[in-house]
Structures are given as C-alpha cells and as structure tokens.
Amino acid sequence: MKYILWITVFLGMFSGAYAQDPPNVILILVDDMGIGDVSSVNGGLNRTPALDALKDGGIWCNAAYSGSAVCAPARASLLTGKYPHRTGVVSLSMATEPWFTSLKTSEVTMADVFRANNYKTALVGKWHLGMLPPFHPLKRGFDESYHFVGPDLKTYYNFTLDENGNRKKYKNEYLDDVLTEHAVNFIKSNKETPFFMHLAYSAPHRPLGGPRELVNHYLEKGFDDKTAKVYAMIEAMDKGLQKLVNTLEELGISENTLVIFASDNGQDPGAGTRFNMDQKGKKYTVYEGGIHIPLLFYWPGHFAPGQVDDVVHFTDIFPTLVDICGLKAAGRVKKDFDGVSLSAILQGTSGSKLPEARFWQWNRHKPFYSHNAAVRLGDWKLVRPFKDLDHITGESGLKPLLYHIREDASESGDLSAKYPGKVRQMLKMLEKWSARVEKDRLKNTDFKDEKLINM
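Here the residue numbers are simple positions, counted from 1 along each chain's written sequence. Under the rules for a predicted model, residues below a pLDDT of 70 receive no local features and side-chain atom pairs below 80 are neither given nor counted, while totals for whole chains, interfaces and linings still include all residues. Computation of side-chain values: all heavy atoms of the structure, hydrogens and water removed.

Another aspect to go through is the packing of helix α8 (residues 175–189) against helix α10 (residues 225–251). As a rule, the C-alpha atoms of each element are fitted with a line to give its axis, helices using only the stretch in contact, and angles between N-to-C directions run from 0 to 180 degrees. Secondary structure follows DSSP: runs of H or I at least 4 residues long count as helices, runs of E at least 2 residues long count as strands, and numbering of each begins at the N terminus. Closest axis-to-axis distance for the α8/α10 pair is 9 Å, and the angle between their directions is 15°. On the basis of their axis angle, the class for α8 and α10 is roughly parallel. Taken as a pair, α8 and α10 cross one another with a handedness that is right-handed. In this structure, α8 uses Asp176, Asp177, Thr180, Glu181, Ala183, Val184, Ile187 and Lys188 to contact α10, whose residues at the interface are Ala236, Met237, Gly240, Lys243, Leu244, Thr247, Leu248 and Leu251. Counted by class, the contact of α8 with α10 contains 8 nonpolar, 3 polar and 5 charged residues. Should an angle fall under 35 degrees it is called roughly parallel, over 145 degrees roughly antiparallel, and 65 to 115 degrees roughly perpendicular, with every other angle called oblique. Handedness of a crossing follows from how the near helix is turned relative to the far one, being left-handed for an anticlockwise turn of less than a right angle and right-handed for a clockwise one. Contacts are assigned to residue pairs with any non-hydrogen atoms lying within 4.5 Å of each other. Three residue categories are used. Nonpolar comprises Ala, Val, Leu, Ile, Met, Phe, Trp, Tyr, Cys and Pro, charged comprises Asp, Glu, Lys and Arg, and polar comprises the others, including Gly.

Here it is in structure tokens:
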C-alpha cells in the first residue's frame, strides 16, 4: 500500500540528549475539554486532582492551540505534525464522507516512526481517522489497538471496542474505565521496552453520562444536568489519569516516561454552559474558545515545573518527540512538518525558532477557506468569521476581524478599521497558506469520485 512505500527510517543507537535510555511516551488526548474545565484554572468548580498535579509538576503551555476546531482534523494534525488539510482530513463524518475524513495512506504517523525505532506502539481509545480497512490503526503504525470509532458509541455503558481487529462488546462497564485498564495493561506488559501509547479518552464528548455518584455530586452543587454530567465524566477520566501515574511509579519507570496531556478542541456548545476564561466561541469555531486548548508536558526529573507563554501548536508535538526521543526518521518526514521541536522551550533555554504564523480553517464537507479561518501572527489574530458551517455554496463576503490577543483574549474588540495595513498583511498570509494546503490536500488521494482506489 502507498502508506509504506516511502517510509524510510534509518535506525541506530539512541542519541537523545535527555536520558540514557529512550524515554517512553504516553500521549493523552481528551475530547471537547476546555481550559476552563481544569479545576486549578476554574477555582475548584469541579475536581481534577490528578490533572492538577500533572500541571503543577510539569510544563503548562498557556498559549497552546489545537490543529483544528473539531475532532478529526485536529487528530490528523497531531499524529502527522502537519496542518490537517494536507493530510486529507477536513470534515467529521467517517461513515458518510470517508473521502474527507480518512488520513491519507501516504501520510507517516508518529506511531509509524516510533515503531520503526523499535518502540512498542498502542492506540487506546478513540479513532477518528478512517473506518475503512486501509485506515485501520494497525495499518497506521500501531502494534496494538483497543479502539472505538465515533459512530459506534451510543452510550458510555454499552459499547463495542475493536481490540486488535476483533470486536468485543461491553455492557455495564464505563468506557473510560475500560480504556484506562487497557492502558495500564499495555504499560505493565511493556515495562522492559520503550513504548509509545496514544491514549484517546472519549470524555467529555457526547453522549453525556458519567458515573451516577459523580453526576449526583455536581447536581447537588447546583449545576444543571448537562454540566453535572460533563464534570462527572471529566472527574472519572481524571481518576484514570491517577491510575496511570500510580502504575508508572509502582513499576519504577515514571522518570523515564514523558506524559503529554491535551484536548482536541474547545468545549462543545451542546454540552452544558461551563466556565472557560471568557473566551469567545466554542468547538467548531476558530475563535479562542474553539482552538485554544489545555496542553502540558510532564517528565519528572527532566523538565522543571513551570509555565511557558510561547504560542505552540499541535503540529509541534511530533517534531518535539522526534527530537526528545532521538528518533530516526526519513528526511522527507521532517521536511514536511509544519511545526517545530519545542525541545529548547521545554528545557527552559533559548533556541526554538517557532513558525512566524499559525493557521486554522474548518467547515463541513469541502473546505472553503474564506469561512471560519484564522491566522495568528505574534499577538495579532485575524479571523474570517463563519457565515454557515454546514451549508456552504461559495466563498464568504464577510469582512475579516482583527484582534490583539495579548490585550484582548476574549476577542471582544475588532481592530480591523484601526489597523487596515495589518489586516492586509495577515489576509495575504492566510490566502497564501490556504492555496498551499488546498493544493496538498488534492495530492496522493486515496479516493476518486468519492470511491476508494488502489487498495
């Protein structure tokens, strides 16, 4: 298949600068959780003690951004180090639009590279990058996979997992608890060898419904039903985080394991009204509430606890892991990254030359780049607002909006009339980026006339 034809990895002795042995990596991704859902951020509205401890003991990124305002494109960006359009993943429905939601088989994932460098690799949790056989996680770099796809999930207590190609039904067990157990078992089974695990929790994505005792706790505090369920789901996930940390410590591998925690996008507007730092917008939009996400790096004994204010992006995580873990990867893989290594930033030293600008765009179905698009240049952010995310027939005529994020994080004051030169500069950057990623989107496609080809 195409996805293996150009993966050339040169293996050799580990040469990372962080540890004598290659560090393990656990990449945790939650679904639709905003920054304001972290207890230490919201003043204790909910309970996330394990996450708060990781935040306090790790490096918290104050200006971290997802690759997209929605799930599938964000995950494609995370696993490839590229803007999602270039990977072919631009929409949401794997069942009805696989040609817009399947990660191109020509793309190399971080799991591909870890496995080629003698790591054991596993996916535990949500897979949103293709339902058809060529896009199965076991064909995308993962040695083991215990996953579900979005359309299969009807309730957190009655679900089916694809476990290494075999479907297993679960009843009367809570989904994220089961995912945690799979994650713990994978860690225990591979404690003697370097491993990479992508743990993709479902919480707090709909369908809403957490453990009853936790839901009741938040109802008693006065929260509405949806918010109580969301906070219960987040707390249940947090208990899973604590089990993971305990397992690493019990096995004596905590200091040789890098844990990364992030959310795929901001809060879902249909899942309760929750605190989120007065950010404008939510999931689906390129305003801060849709793309500004929690992100932390936790590696005891290697990263000094603290916070960084640099603008970092999902596309930076793959190159960062290549750097930190001393991974050998084909030159083409590295050349195609849209992000850069955050190694120097995480060490608290100078040297990371971040991209000049960061870009976002999303609408359902075929992308129209004048709808719901944004570029951040330093402290400036230009937004092309959405007119309609679902039924677009042509380019938008709405005028761009300009914000200064450092002074106006809530994006409440449009400065476009005051700084027309800045608008022209950033609009030109956005238009050039749009043309470039759209050209790449149409390359190496696995579909022709909406039909799978060459598989």
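The structure having been displayed, the exposition proceeds.
Another point: the confidence of the model for the chain. A score between 0 and 100, pLDDT records how confident the predictor is in each residue. Taken residue by residue, the chain gives an average pLDDT of 94. The fraction at 70 or more is 95%. Note that pLDDT drops below 50 for residues 1–19; the model gives that stretch 52 contacts with residues more than four away or on any other chain.

Bringing the pattern of salt bridges into the picture now. Salt bridge, as applied in this entry: a Lys or Arg side-chain nitrogen positioned within 4 Å of an Asp or Glu carboxyl oxygen. Counted according to the given criterion, the structure contains 24 salt bridges. Arginine 75 is the salt-bridge partner of aspartate 31, the closest N and O atoms lying 3.1 Å from each other. Placement of aspartate 31 in the loop between β1 (24–30) and α2 (39–42) and of arginine 75 in helix α4 (residues 71–80) is noted, with a sequence separation of 44 residues between them. Judged by relative accessible area, arginine 75 falls into the buried class, the value being 4%. In this structure, lysine 229 and aspartate 225 form a salt bridge, with 3.1 Å as the shortest nitrogen-oxygen distance. Here the residue lysine 229 and the residue aspartate 225 both occupy positions in helix α10, the gap between them amounting to 4 residues, near one helical turn. Between buried and exposed lies partly exposed: a residue is buried under 20% and exposed over 50% of the maximum accessible area for its type, with that area taken using a 1.4 Å probe on protein chains only. Assessed through its relative accessible area of 38%, aspartate 225 is described here as partly exposed.

What follows deals with unusual backbone geometry. Alanine 203 connects to proline 204 through a cis peptide bond whose omega is -5°. Along the polypeptide, proline 204 turns up in the loop between β7 (195–200) and α9 (212–220). Cis geometry is found at the peptide bond from arginine 206 to proline 207, where omega equals 10°. Structurally, proline 207 can be placed in the loop between β7 and α9. We note that asparagine 164 has phi near 55°; this positive angle belongs to a residue other than glycine. With respect to the helices, strands and loops of the structure, asparagine 164 is situated in the loop between β5 (158–163) and β6 (166–171). For asparagine 172, which is not glycine, the phi torsion reads 60° and is therefore positive. Mapped onto the elements of the fold, asparagine 172 is located in the loop between β6 and α8.

Aromatic rings from Phe, Tyr and Trp, taking only the six-membered ring of Trp, are treated as a pair when their centres fall within 6.5 Å; an angle between ring planes under 30 degrees marks them as stacked, one over 60 as edge-to-face, and anything in between as tilted. The tally for this structure, following the rule as stated, stands at 21 aromatic pairs. Taken together, a centroid distance of 6.3 Å and an interplanar angle of 85° make the contact between tryptophan 127 and phenylalanine 142 edge-to-face. One end of the pair, tryptophan 127, is in strand β3 (residues 120–127); the other, phenylalanine 142, is in the loop between β3 and β4 (144–149), and 15 residues separate them in sequence. Considered together, tryptophan 127 and phenylalanine 142 belong to a single accessibility category, that of buried residues. Taken together, the ring pairs in this structure connect Phe114, Tyr119, Trp127, Phe142 and Phe196 into an aromatic cluster. Whether a charge sits over a ring comes down to the Lys NZ or Arg CZ being within 6 Å of the ring centre and within 35 degrees of the ring normal. When the ring centre of tryptophan 60 is taken as reference, the NZ or CZ atom of lysine 55 above it lies at 5.2 Å.

With that settled, the discussion passes to the environment of tyrosine 83. Take tyrosine 83: it is sitting in the loop between α4 and α5 (84–87). Judged by relative accessible area, tyrosine 83 falls into the buried class, the value being 5%. As a C-alpha pair, tyrosine 83 and glutamine 242 span 159 residues in sequence and 32 Å in three-dimensional space. Under the rule applied, a polar contact is a pair of N or O atoms within 3.5 Å (in protein, one hydrogen donor and one hydrogen acceptor; residues adjacent in sequence only if both atoms are side-chain atoms). Here phenylalanine 359 takes part through its backbone nitrogen, which lies 3.2 Å from a polar atom of the side chain of tyrosine 83.

Turning our eyes to something else, we now look at the nonpolar core. Put simply, buried Ala, Val, Leu, Ile, Met, Phe, Trp, Tyr and Cys residues joined by side-chain atoms within 4.5 Å make one nonpolar core. Formed by 53 residues in total, the largest nonpolar core has its most connected members in Ile28, Tyr201, Met237, Leu241 and Phe261. The greatest single-element share of this core, amounting to 12 residues, is contributed by α10. Residues within four places of tyrosine 201 in sequence aside, it is in contact with Ile28, Leu29, Val30, Asp31, Asp176, Leu179, Thr180, Met237, Gly240, Leu241 and Leu244. If you look at the next biggest cluster of nonpolar residues, it comprises 51 residues, including Phe114, Val308, Cys325 and Val333.

It is worth spelling out the sheet that holds strand β12 (residues 373–377) at this point. Any two strands with at least two DSSP-identified bridges between them are counted as paired. As summarised here, the arrangement of the 4 strands in space is β11-β12-β13-β14, forming an open sheet in which the pairing is antiparallel. Strands with a single pairing partner mark the edges of an open sheet, and in this sheet they are β11 (357–361) and β14 (401–404). Averaged over all pairs of adjacent strands, the angle between their axes in this sheet comes to 15°, without regard to strand direction. Note that strand β13 (residues 380–384) and β14 share 4 bridges and pair antiparallel. Across the sheet, residue leucine 382 finds its bridge partner in β14, namely leucine 402.

What follows deals with the pairing of β5. For β5, the tally of buried residues reaches 5 of 6 residues, placing the bulk of the element in the interior. Across 2 bridges, β4 lies against β5 in antiparallel orientation. Of the residues in β5, the one forming a bridge with histidine 147 is aspartate 162. By the bridge criterion, 6 bridges tie β5 to β6 in an arrangement that is antiparallel. Each bridged residue has a counterpart across the sheet, and for threonine 160 the counterpart in β6 is lysine 169. What sits between β5 and β6 in their antiparallel hairpin is a turn of 2 residues, with asparagine 164 showing a positive phi close to 55°.

By the criterion of burial, strand β8 (residues 257–263) is predominantly enclosed, with 7 of the 7 residues buried. Pairing of β1 with β8 involves 7 bridges; the strand directions are parallel. For valine 30, the partnering residue across the bridge sits in β8 and is serine 263. Two elements, β8 and strand β9 (residues 295–298), share 4 bridges in a ladder whose sense is antiparallel. Note on β9: the bridge partner recorded for valine 259 is tyrosine 298.

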